[in-house]
Amino acid sequence: MTMLAALNAYFTRRGAATLAWLGGWGSLIGFAASALIHALTPSTYNSATRSVVMKQIYFTAWQILPGFALFSALLSYVIIRIVVGTANDFGLSDYALETVIRVLVLELLPLITALFIALRSSAAINTEVALMNVHNEIKALEDLGVDPMRLEFIPRVIGGTISVLALSAVSGIIALILAYLVVYGGHLWNYQAFVLVASNIFDFGVVIGLAIKVFLFGMAVTVIPISEGLRAPQKLFFVPIAVLRGMVRLFFVLMLIEVASLAIKYI
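For every chain, the first residue of the written sequence is number 1, and numbering continues from 1 onward in sequence order. Where totals are concerned, whole chains, interfaces and linings use all residues; where local detail is concerned, this predicted model gives features only for residues with pLDDT of at least 70, and gives and counts side-chain atom pairs only at 80 or more. The side-chain quantities take in all heavy atoms of the structure and omit both hydrogens and water.

1. Here's the deal with the overall build of the protein chain
Then, number 1: Every helix listed is a DSSP run of H or I at least four residues long, and every strand listed is a run of E at least two residues long, numbered separately from the N terminus. Of regular secondary structure, the protein chain possesses 9 helices and 0 strands.
Then, number 2: Element order for the protein chain, N to C, with α for helix and β for strand: α-α-α-α-α-α-α-α-α.
Then, number 3: Each of the three principal axes of the protein chain carries a C-alpha extent, and together these read 75 × 60 × 30 Å.
Then, number 4: When a residue's accessible area, from a 1.4 Å probe over protein chains only, is under 20% of the maximum for its type it is buried; when over 50% it is exposed; and in between it is partly exposed. Across the 267 residues in the protein chain, those meeting the buried criterion constitute 39%.
Then, number 5: Whether two residues are in contact is decided by their heavy atoms: any pair within 4.5 Å suffices. Sequence-distant contacts, at least 24 apart, represent 85% of the contacts inside the protein chain between residues at least 6 apart.
Then, number 6: Looking at the protein chain as shown, the accessible area adds up to about 14,700 Å², and 73% of this sits on carbon and sulfur atoms.
Then, number 7: All tallies of charge rest on Lys and Arg as positive and Asp and Glu as negative; His and the ends of each chain are not included. To locate a charge, take NZ of a lysine, CZ of an arginine, CG of an aspartate or CD of a glutamate. Put simply, the protein chain has 16 plus and 13 minus side-chain charges, and the middle of one group is 8 Å from the middle of the other. Only the protein chains shown count as cover for residues, with accessible areas throughout obtained via the Shrake-Rupley method and a probe of 1.4 Å.

Quick look at the structure:
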């Protein structure tokens with residue numbers, strides 16, 4: 001009887017945990033769909049929304065642009081030197097530039113950009129929303145007839161997504177310039193060969209796929225923290241737990257997007 005009771009308690013706990021886990025993903029998907037609909041609705045973009053979007057872009061992307069550009073340049077240069085040197089050692093120098101672009105520009109830099117913004121802004125957004133929930137600020141806005149989704153959440157989603165897209169473009173351009181300098185030594189007459197390789201890589205399908213992936217990265221680094229902050233119980237000591245849970249879920253989703261992208265392209 002004792003064993004049956006223990007098994008019953010165990011399966012009850014596991015069932016409750018599974019339902020909570022599924023409920024979390026369900027809430028996340030629902031919030032993401034609502035955010036996307038609001039973002040595509042022209043009436044969302046009033047003067048207050050545009051102001052918050054600009055502030056979000058300023059704090060998320062513009063403030064960190066010099067440091068991020070320097071970090072991207074150093075990382076890109078090291079990786080380019082390693083790839084080019086290895087290719088030359090094995091007599092594969094003709095494939096060095098294409099390998100660099102495919103690995104660095106298409107895969108590594110967008111993911112690193114999303115992780116960079118996640119560490120800088122996502123935890124802060126998660127904490128802010130969770131504290132708003134704990135202090136009943138969201139309910140207060142609703143009682144005043146203000147839509148929190150339109151005023152507080154959607155501008156953060158839009159600003160964060162634009163920031164990821166913009167910084168990914170910056171890091172990609174830096175990597176392309178450095179790849180040209182390392183492979184061709186800065187000789188301007190080799191630009192036609194560079195353009196030929198780049199045009200063979202960046203066909204329409206690849207560009208669209210890259211844009212979709214980076215867009216999903218941008219949505220993830222804002223939607224997940226907000227969703228987790230809204231789900232946090234209205235107890236102050238639950239705020240760090242909500243932030244940790246949000247960051248773990250965000251990391252999982254970013255990796256899932258990257259793996260799915262690789263699978264679609266190469267499998």
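2. Some details on the packing of aromatic side chains
Then, number 1: A pair of aromatic rings is counted whenever rings of Phe, Tyr or Trp (Trp by its six-membered ring) have centres within 6.5 Å, and the orientation is called stacked for planes under 30 degrees apart, edge-to-face for over 60 and tilted otherwise. What the rule picks out here adds up to 6 aromatic pairs.
Then, number 2: With 5.2 Å between their ring centres and 50° between their planes, tyrosine 180 and tyrosine 184 make a pair best called tilted. Taken together, the positions of tyrosine 180 and tyrosine 184, both in helix α6 (residues 148-184) and 4 residues apart, correspond to about one turn of that helix.
Then, number 3: Residue classification places tyrosine 180 among the buried positions, given a relative accessible area of 12%.
Then, number 4: Among the aromatic residues, those joined into a ring-pair cluster are Phe68, Phe71 and Phe116.

3. Considering the nonpolar core
Then, number 1: Nonpolar cores are built from buried Ala, Val, Leu, Ile, Met, Phe, Trp, Tyr and Cys residues. Side-chain atoms within 4.5 Å join them into one set. Grouped together as the largest cluster of nonpolar side chains are 36 residues, with contacts concentrated most on Phe31, Phe153, Phe217, Val221, Ile226, Leu250 and Leu254.
Then, number 2: Where this core is concerned, the elements lending two or more residues are α1 (2-39), α2 (47-62), α4 (96-134), α6, α8 (204-231) and α9 (239-266).
Then, number 3: Examining the composition of this core, we find that 8 residues originate from one element, α8, more than from any other.
Then, number 4: One finds Val84, Leu178, Val182 and Val206 within the second-largest nonpolar core, a separate group that totals 23 residues.

4. Quick notes on the pattern of salt bridges
A side chain with one charge can pair with a side chain of the opposite charge if their charged atoms come near.
Then, number 1: Counted as salt bridges are all cases of a side-chain nitrogen of Lys or Arg within 4 Å of a carboxyl oxygen of Asp or Glu. Tallying each qualifying case throughout the model produces 9 salt bridges.
Then, number 2: We note a salt bridge from glutamate 152 to arginine 156, for which the minimum N-O separation is 3.0 Å. Of this pair, glutamate 152 and arginine 156 both sit in helix α6, separated by 4 residues, roughly a single helical turn. Each of the two residues, glutamate 152 as well as arginine 156, counts as buried.
Then, number 3: Residues joined in a network through salt bridges with shared partners are Glu107, Lys213, Glu258 and Lys265.

5. Some points on the packing of α4 against α6
Then, number 1: For the pair α4 and α6, interaxial distance at closest approach is 9 Å and the crossing angle is 155°. What the angle tells us is that α4 and α6 run roughly antiparallel. Relative to α6, the crossing made by α4 is right-handed.
Then, number 2: Charged means Asp, Glu, Lys or Arg here, nonpolar means Ala, Val, Leu, Ile, Met, Phe, Trp, Tyr, Cys or Pro, and polar covers whatever is left, Gly included. Taken together, the residues of the contact of α4 with α6 sort by class into 19 nonpolar, 5 polar and 3 charged. Note on geometry: axes are C-alpha line fits, over the in-contact stretch for helices, and angles between N-to-C directions span 0 to 180 degrees. When describing relative orientation, an angle under 35 degrees is termed roughly parallel and one over 145 degrees roughly antiparallel, while 65 to 115 degrees is termed roughly perpendicular and anything else oblique. For any pair of crossing helices, the crossing counts as left-handed if the nearer helix is rotated counterclockwise from the farther one by less than a right angle, and right-handed if it is rotated clockwise.

6. So, α6
Then, number 1: Expected span of a helix, by definition, is 1.5 Å for each gap between consecutive residues, and there is one gap fewer than residues. When the terminal C-alpha atoms of α6 are compared, their 53 Å separation across 37 residues agrees well with the 54 Å that a helix rising 1.5 Å per residue should span.
Then, number 2: Here the bend at a residue is taken as the angle between two axes, fitted respectively to the seven residues that end there and the seven that start there. For α6, the principal kink sits at isoleucine 154 and spans about 35°; a proline, proline 155, occurs within the next four residues.
Then, number 3: Of the residues flanking the end of α6, it is glycine 185, one or two places downstream, whose phi is positive at about 70°.

7. Some remarks on unusual backbone geometry
Then, number 1: Of note in the backbone geometry, asparagine 136 takes a positive phi value of approximately 60° without being a glycine.
Then, number 2: By secondary structure assignment, the location of asparagine 136 is in the loop between α4 and α5 (137-143).
Then, number 3: By relative accessible area, asparagine 136 is classed as partly exposed at 37%.

Distances and angles like these do not, on their own, reveal function.
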